[in-house]
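Inside the fold
Spelled out from the first residue to the last, the chains are:
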Amino acid sequence: MTHLEENDFKEDIITSDSENGILQGGEKDLRTVKANPNYWYPIAWSYEIDRGKAHAVEFAGEPIVLVRPENGEIFALEDRCSHRQVPLSKGVVEGQAVRCCYHGWTFDTTGKCVDVPYLGKGKLPNGVCAYPCQEQNGVVFIFPGDKTKAATTPLPKLAETANPDYKTRKFNPRVNCHYTFMHENLIDMNHQFLHRNIMGRIKARFLGKQTGDNFIEVKYSFARVGNKQPLAEALIFGKHHQYEDGQQPIDEIVTIRTEYPYQTLRVTSKDGTDMISLWVCYLPQGKNQEKTKAFGLLSVKRPKTPFLIDAIWPVFGLFTYKIFLEDKDIVELEQKAWIDQGKKDWNVEVFPVVRDLRTVLRNNGV
Amino acid sequence: MTHLEENDFKEDIITSDSENGILQGGEKDLRTVKANPNYWYPIAWSYEIDRGKAHAVEFAGEPIVLVRPENGEIFALEDRCSHRQVPLSKGVVEGQAVRCCYHGWTFDTTGKCVDVPYLGKGKLPNGVCAYPCQEQNGVVFIFPGDKTKAATTPLPKLAETANPDYKTRKFNPRVNCHYTFMHENLIDMNHQFLHRNIMGRIKARFLGKQTGDNFIEVKYSFARVGNKQPLAEALIFGKHHQYEDGQQPIDEIVTIRTEYPYQTLRVTSKDGTDMISLWVCYLPQGKNQEKTKAFGLLSVKRPKTPFLIDAIWPVFGLFTYKIFLEDKDIVELEQKAWIDQGKKDWNVEVFPVVRDLRTVLRNNGV
Amino acid sequence: MTHLEENDFKEDIITSDSENGILQGGEKDLRTVKANPNYWYPIAWSYEIDRGKAHAVEFAGEPIVLVRPENGEIFALEDRCSHRQVPLSKGVVEGQAVRCCYHGWTFDTTGKCVDVPYLGKGKLPNGVCAYPCQEQNGVVFIFPGDKTKAATTPLPKLAETANPDYKTRKFNPRVNCHYTFMHENLIDMNHQFLHRNIMGRIKARFLGKQTGDNFIEVKYSFARVGNKQPLAEALIFGKHHQYEDGQQPIDEIVTIRTEYPYQTLRVTSKDGTDMISLWVCYLPQGKNQEKTKAFGLLSVKRPKTPFLIDAIWPVFGLFTYKIFLEDKDIVELEQKAWIDQGKKDWNVEVFPVVRDLRTVLRNNGV
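This report concerns the structure included in the present document. (Residues numbered from 1 in each chain as written. Chains lettered and ligands numbered in written order. Predicted model: local features only at pLDDT ≥ 70, side-chain atom pairs only at ≥ 80, totals over all residues. Heavy atoms only, no water.)

1. Examining the relation of the copies chain A and chain C
With an RMSD of 0.1 Å, chain A superimposes on chain C once it is rotated by 120° and translated 0.2 Å along the axis. Here the two chains are linked by the operation of a three-fold rotation axis. (Least-squares fit on C-alpha atoms with pLDDT ≥ 70 in both.)

Pasting the structure below:
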């Protein structure tokens, strides 16, 4: 672990500023860049769709119905009967097909129309779109883009969800902002000031970054500069020492990585072992993608006394939820400012990490 | 009563399909066709407007005030003072005139300004529009179009409202869809699948249709294909026989007619006598007519034991209301789909009856 | 005091009509004229902003934060961090500065950015706008326009707020209409008909007007033409005599003056002394200024029995509040009509006073 001086960090900013200018003019407004559909996106939790039921979801304003037959695999169709455009999710699951609630038109797992009760089989009309669909570790994924690319595009690795050494919490909030604000919020740890009332005053130290065409990874360490360590944090990480100058270095390293379109955060102890692993994907909602439904999996390493984590789980849950609510409020205020300013991004970003992230999001989005 | 084979019906569709094509391209989108104002439209129930009171209503976004003087006939004016445009319906009825609540400008039955309290009679300003207005059987009608056509345009016949052999229920729901979805919903009896939970599974048999420049009339018979006959239906029609194959033919014939701009439904017993008679008119709401206020009169023939119908009336009311709520939900979903799809009609209609109805609505609308 | 005959008043209207035409065509729609920002506008009551706190307000859609340090004068900044555009009013007041809640950027009383916790002092980014700000008699004023004009533009005189012979009520309603409707409502006393249920039927007599480039002042007397004098009015003004013809002259003179952008109303007794003095300013809300937040100060002369006014104060408050609610309803209906008519002003104004007022508002607005 390298403790860079603060000055190094500031030099880095100054250099970047003189190269790029504080405002990046001429580019497409980041908040109008659409999420690239040629990836596997989480769209529901498995437990949300009972056997024999249909379930309505959405990708960027496109209505999608997830259907789980009594027997067999879940499938995903356009949630719009090809007859009168009403949602198939209001219909009835029959075998490996779904029957529209209105006039009873029926569509199979591929979207083909296989029955119109008052029409001969020889003259069946067009069907509806089908989406590639898979389940993994309790998450339902669809591939909303070019179907021919689905087979060769891997599912993402979901943090430590399948690892029995970890306990995992699912969370699934709706946030009224463009997905890019969510990426920026998490990757810029200088925003710890926002959580001062919950976490105490913590100062982030930037340790370095790595970038590539479709990713950026950043490392931070932290020091507590005021207030006491909160209970939930002490229970997970152990109690940190307090020094006489009021500063209290925090030993763990936090690594945040956006690898398009997913984002992860890892907390590593000073001996290099993982302690917390977060995986999150931001599902765009609405045609203009001004809303987001996040799918998050937060895995925490079980301590040696295994029942302890279950005991503190509710406290930890409340703690992370309260932090999340502060983040949700602030990114929604960012979105509101963007709308109030005539859908123009006035953000003046001085932190090179956020500028690099923007390049990744802009170049990989559509 | 002719029992056509199902095959005949399917042939009819196939023939129509090959003639017309499933999608009717190039025409004006039906959901943007405005209701023709040169008809008498029901706009309120008589009991809604007390003597000496003014009552606000609307035709296609145009505000209208109905005024019932203490003595004399109801009259209808533009609901907008010619001074500062506030609603005259907030004002005071004085003799055969209505006085605006704000500065007291006063308008007579013809819309002429007859008093401005602080202005000489010789210099009275312009008045407001007046609408031809009539009452019939408890319904107030206005003629929103070209006034010169009002006198030669007959009021509609209101089913069996005035017939003492019938008991009539008024209903007056607001539905958030274009009026054309309402016409289509009622005329296409293949949508019985929608009501499977209330009425049991019923299959419609198309018996034939008649069309003209301003009307289409369709006849159906029905067979019960599953579930039991509901109580309210059995009370009105008597109990239907159940056959061993599970099918249960229903003897009554249903005739549905759109005669622009009105729609009727008649249920006739096997001996040819009328049992139920529905009259309905869809009043467009809002400038773009994307909402509808329906005025319906449902008349049921009194059985020989006359008190029986009063006893079952609440059950029958609830039964029809629950069916209506299903229809309201589905047509509002159709409207929503139309809006979500950029105000484009993607409906793929294979049933010739609905295609003919569309022609009537398109050619008679404006 | 001159009692003009009603005829004189009508002649005046007729003359104006023939000169100007009832409709004033070709001009910019009055409801799109923006309030001129080069004046001191009330924006909050002093008691609303505690020491050490920030408070969000708005002028015509521009977000503004009022900051009151623990020590020192209140100051006003753009309520938008120059970093990520979130409201500074969510932040923390530190000394003579406010720190943004998100990443901790800090701005002083002039809007200059004085700290970014993770950035060197030599490289601080741009700050935010500051607004000239003053407090007077419990009202916080800002100068939203050209700052160089602030010093030479006087604060308005706030009726009798500072006069111990008067008791003053503050009111601060939000009204969903353009500020010009508020000016017109108050200056045209022919709208007494609106308040007939609260004040009884009162007829205004126009006594004359004075106009200038930036003001119009009008005088009225009144006569009661029906109903009884309300209690609250009798308590303030004394009981008026009732004559046999049912008319009851009211001795007081009412003077209403719009002196851009403020409006005042004075009630003077027959011996010429002031009894009631109202000062009001309409703060535009929203970018298109289709909403208004009014700041009103209503001062009533204390009677010789001084405790009496305190005893009747709640009754008087309710009385004026009920009158205000009627005014609020009607001006909001005017605004609604304007929007429903495609944001066009169809008002046909026959009263010269309102026409002159419009000229003042149009020529002094922007």
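2. Digging into the interface of chain B and chain A
The interface is formed by 33 residues belonging to chain B together with 24 residues belonging to chain A. Overall, the association of chain B and chain A removes approximately 2,300 Å² of surface from exposure, summing both partners, and the carbon and sulfur fraction of that is 59%. In this assembly, chain B and chain A are joined by four salt bridges. Arginine 84 of chain A is the partner of glutamate 349 of chain B in a salt bridge, and the nearest nitrogen-oxygen pair spans 3.2 Å. In this assembly, chain B and chain A are joined by 13 residue pairs in polar contact (both at pLDDT 80 or more). (Contact = heavy atoms within 4.5 Å. Buried area = accessible area lost by both parts, 1.4 Å probe. Salt bridge = Lys/Arg side-chain N within 4 Å of Asp/Glu carboxyl O. Polar contact = N/O pair within 3.5 Å; in protein donor to acceptor, adjacent residues only side chain to side chain.)

3. Considerations on the pairing of strand S3 (residues 62–68) of chain A
Every regular strand shows the same layout, with side chains that alternate between the two sheet faces. Residues and elements named next belong to chain A. Of all seven residues making up S3, six are buried, and the element is well covered by its neighbours. Pairing of strand S2 (residues 53–59) with S3, which is carried by seven bridges, proceeds in the antiparallel orientation. Across the sheet, the residue bridging to alanine 54 is valine 67, located in S3. Here S2 folds back onto S3 in antiparallel fashion, the turn holding two residues, of which alanine 60 has a positive phi close to 50°. Pairing of S3 with strand S4 (residues 75–78), which is carried by four bridges, proceeds in the antiparallel orientation. Across the sheet, residue isoleucine 64 finds its bridge partner in S4, namely glutamate 78. Between the antiparallel neighbours S3 and S4 lie six residues, among them glycine 72 with a positive phi of about 110°. (Buried < 20%, exposed > 50% of the residue type's maximum accessible area, 1.4 Å probe, protein only. Helix = DSSP H or I, 4+ residues; strand = E, 2+ residues; numbered from the N terminus. Pairing = 2+ DSSP bridges.)

4. A word on the interface of chain A and chain C
In this assembly, 33 residues from chain A lie in contact with 24 residues from chain C. Overall, the association of chain A and chain C removes approximately 2,300 Å² of surface from exposure, summing both partners, and the carbon and sulfur fraction of that is 59%. Seen at the junction of chain A and chain C, the total is four salt bridges. Here glutamate 334 of chain A and arginine 84 of chain C are joined by a salt bridge, their closest N and O atoms 2.3 Å apart. Where chain A packs against chain C, one counts 13 residue pairs in polar contact (both at pLDDT 80 or more). By residue class, the composition of the side of chain A that touches chain C is 15 nonpolar, five polar and 13 charged. (Nonpolar A, V, L, I, M, F, W, Y, C, P; charged D, E, K, R; others polar.)

5. Here's the deal with the environment of glycine 145 of chain B
All names here are of chain B. Residue position: glycine 145 is located in the loop between strand S11 (139–142) and strand S12 (166–171). Spatially, the C-alpha atoms of glycine 145 and proline 37 are 4.4 Å apart, while their sequence positions differ by 108 residues. Glycine 145 has contacts with Pro37 and Asn38, leaving out every residue within four places of it along the chain.

6. Concerning the packing of helix H2 (residues 179–187) of chain B against helix H5 (residues 306–340) of chain B
All names here are of chain B. For the pair H2 and H5, interaxial distance at closest approach is 10 Å and the crossing angle is 130°. The pairing of H2 with H5 is recorded here as oblique in orientation. In the crossing of H2 with H5, the sense of the turn from one axis to the other is right-handed. Counting all contacts with H2, which are made through Phe181, Met182 and Asn185, the residues of H5 involved are Asp327, Ile330, Val331, Glu334, Gln335 and Trp338. Residue composition of the contact of H2 with H5, by class: five nonpolar, two polar and two charged. (Axes fitted to C-alpha atoms, helices over the stretch in contact; angles between N-to-C directions. Parallel < 35°, antiparallel > 145°, perpendicular 65-115°, else oblique. Left-handed = near helix turned anticlockwise from the far one by under 90°.)

7. Comments concerning the packing of aromatic side chains
Scanning all chains against the criterion turns up 33 aromatic pairs over all chains. A network of ring pairs unites the aromatic residues Tyr118 of chain A together with Phe206, Tyr220, Phe222 and Phe351 of chain B as a single cluster. One Lys or Arg, arginine 257 of chain B, reaches over the ring of phenylalanine 215 of chain B and ends 4.3 Å from the middle of that ring. (Phe/Tyr/Trp six-rings, centres within 6.5 Å; stacked < 30°, edge-to-face > 60°. Lys NZ or Arg CZ within 6 Å of the ring centre and 35° of its normal.)

8. Structural notes on unusual backbone geometry
Omega for the peptide link from tyrosine 260 of chain B to proline 261 of chain B comes to -5°, which places this bond in the cis form. Tracing the backbone through its elements, the reader meets proline 261 of chain B in the loop between strand S16 (248–259) and strand S17 (262–268). The residue alanine 60 of chain A is not glycine, and still its phi comes out positive at about 50°. Looking at the secondary structure, you find alanine 60 of chain A in the loop between S2 and S3. Residue classification places alanine 60 of chain A among the buried residues on the basis of a relative accessible area of 14%.

9. Describing the packing of helix H2 (residues 179–187) of chain C against helix H5 (residues 307–340) of chain C
Residues and elements named next belong to chain C. The N-to-C vectors of H2 and H5 enclose an angle of 130°; their axes lie 10 Å apart at closest approach. Put simply, H2 runs oblique to H5. Crossing hand, H2 versus H5: right-handed. From H2, Phe181, Met182 and Asn185 reach across to H5, where they touch Asp327, Ile330, Val331, Glu334, Gln335 and Trp338. Residues belonging to the contact of H2 with H5 are distributed by class as follows: five nonpolar, two polar and two charged.

10. Here's the deal with the sheet that holds strand S5 (residues 92–94) of chain A
Residue and element names in this part refer to chain A. In spatial order, the strands read S5-S6-S7-S8; together these four strands make up an open sheet with antiparallel pairing. Each having just a single partner strand, S5 and strand S8 (113–115) make up the two edges of the open sheet. Mean inter-strand twist for the sheet, computed between neighbouring axes without regard to direction, equals 35°. As paired strands, strand S7 (residues 106–108) and S8 are joined by two bridges and run antiparallel to one another. Residue threonine 106 lies in a different strand from S8, and its bridge partner there is aspartate 115.

Fair warning: the whole summary comes from geometry, so function is off the table for now.
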